[in-house]
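Listed below, chain by chain, are the residues.
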Amino acid sequence: MVTQVDVVVRTRKIGHFFPGGTVDAFDVWLELQARDADGKIIFWSGRVEENGRGPVEPGAHFYRSYQLDAEGNPINKRNAWQARSVLYVRLIPPGAADVAHYRVRIPENVKGPITLTAKINHRKFSHYYTQFAYAGQPVPVLDPAKLSRDHDSREFSFVKANIPANVSGKIKDHIPDLPITVLAQAETRLVIGDRHTTTEWKTVVQKADRERWNDWGSGSCSRAM
């Protein structure tokens, strides 16, 4: 069975777009994880590789400006002068919302309830840019067309030997693992019913429903525009 899960992200008490600053260089993303009653992970979007030290899953729901150079390469080295277009820009205005839609596959005979945990994560710089800033060296190539004023298609290596002796920062002998901060977190549980019985659904109105549906509608409309 496949079900749709919508996660609403809303800005509160800020007077600028979220996130702000160098929106092409950091990692800010939405993570959604689903676990069954035994704690087994059955869905995970926004996972960080290498046990939380590596890059974020490429298909995660990021909040950033994804810029491209003239050859379609991502602007990921603070090389803004080579930006020629954007793949997408996903920022939330003050007092507004964004909605992320997920299709979650529920395994057969799963033991419920399913716990859904959503997080907004922040890392000061993306994993790629941190490596580039500390140890990025282009791999030698014979094709001069790999680099021009409007694109950079070179491959870079990030081995320890590339780190210069005068690298900025207290860490000198390895590329640092930047911490990941959880800016917001929410959790809910999805009850799994017996497929052979009929469930009677009843409307339950809570005080927070008006704001919740308003945020969902606002975020959905902003995505459609």
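Rules used in this analysis
- Residues numbered from 1 in each chain as written.
- Predicted model: local features only at pLDDT ≥ 70, side-chain atom pairs only at ≥ 80, totals over all residues.
- Heavy atoms only, no water.
- Helix = DSSP H or I, 4+ residues; strand = E, 2+ residues; numbered from the N terminus.
- Buried < 20%, exposed > 50% of the residue type's maximum accessible area, 1.4 Å probe, protein only.
- Phe/Tyr/Trp six-rings, centres within 6.5 Å; stacked < 30°, edge-to-face > 60°.
- Salt bridge = Lys/Arg side-chain N within 4 Å of Asp/Glu carboxyl O.
- Contact = heavy atoms within 4.5 Å.

Undergrad: Would you take a moment to explain unusual backbone geometry for this structure?
TA: Note on backbone geometry: most residues besides glycine have negative phi, and most peptide bonds are trans. In this structure, the amide linkage connecting Phe 18 to the following residue, Pro 19, adopts the cis form with an omega of -10°. Its location among the elements puts Pro 19 in the loop between strand 1 (2–10) and strand 2 (27–35). Of note, the phi angle at Asn 51 is positive, near 55°, even though the residue is not glycine. Its location among the elements puts Asn 51 in helix 1 (residues 49–52). Taking the relative accessible area as the measure of exposure, Asn 51 reaches 74% and is therefore exposed.

Undergrad: For this particular structure, what's the right way to read the packing of aromatic side chains?
TA: Remark: the centre distance and the inter-plane angle together describe each pair of aromatic rings, the angle taken between the planes. Enumeration over the complete set of coordinates arrives at seven aromatic pairs. Both rings, one in Tyr 66 and one in Tyr 88, keep their centres 5.6 Å apart while their planes meet at 45°; by these two values the pair is tilted. Residue Tyr 66 is found in strand 5 (residues 65–68), and its partner Tyr 88 is found in strand 6 (residues 85–89); the two are separated by 22 residues along the sequence. Tyr 66 sits in the partly exposed class, given a relative accessible area of 23%.

Undergrad: Is there a simple way to think about the pattern of salt bridges in this case?
TA: Proximity of charged atoms lets side chains of opposite charge pair with each other. Considering all chains together, one arrives at six salt bridges under this definition. Between Arg 123 and Asp 27 there is a salt bridge, with its nearest N and O atoms 3.0 Å apart. Of the two residues, Arg 123 is situated in strand 8 (residues 114–123) and Asp 27 in strand 2; the sequence distance between them amounts to 96 residues. Of the two residues, Arg 123 and Asp 27, neither departs from the other in class, the shared state being buried. In this structure, Arg 154 engages Asp 152 in a salt bridge whose closest nitrogen and oxygen atoms are separated by 3.0 Å. On the accessibility criterion, Asp 152 (7% relative accessible area) is buried.

Undergrad: It is not clear to me how the environment of Trp 81 should be interpreted in this structure. Could you clarify?
TA: Mapped onto the elements, Trp 81 comes out in the loop between strand 5 and strand 6. Taking the C-alpha atoms as reference points, Trp 81 and His 151, separated by 70 residues in sequence, lie 9.1 Å from one another.

Undergrad: Whenever I open this one, helix 2 (residues 127–135) confuses me. Can you help?
TA: Within an α-helix, residues lying three or four positions from one another point in the same direction, as the helix has 3.6 residues per turn. Where helix 2 is concerned, the buried positions are His 127, Tyr 129, Thr 130, Gln 131, Tyr 134 and Ala 135. For helix 2, the secondary structure elements touched by its buried residues are strand 2, helix 1, strand 8, strand 9 (137–138) and strand 12 (156–157).

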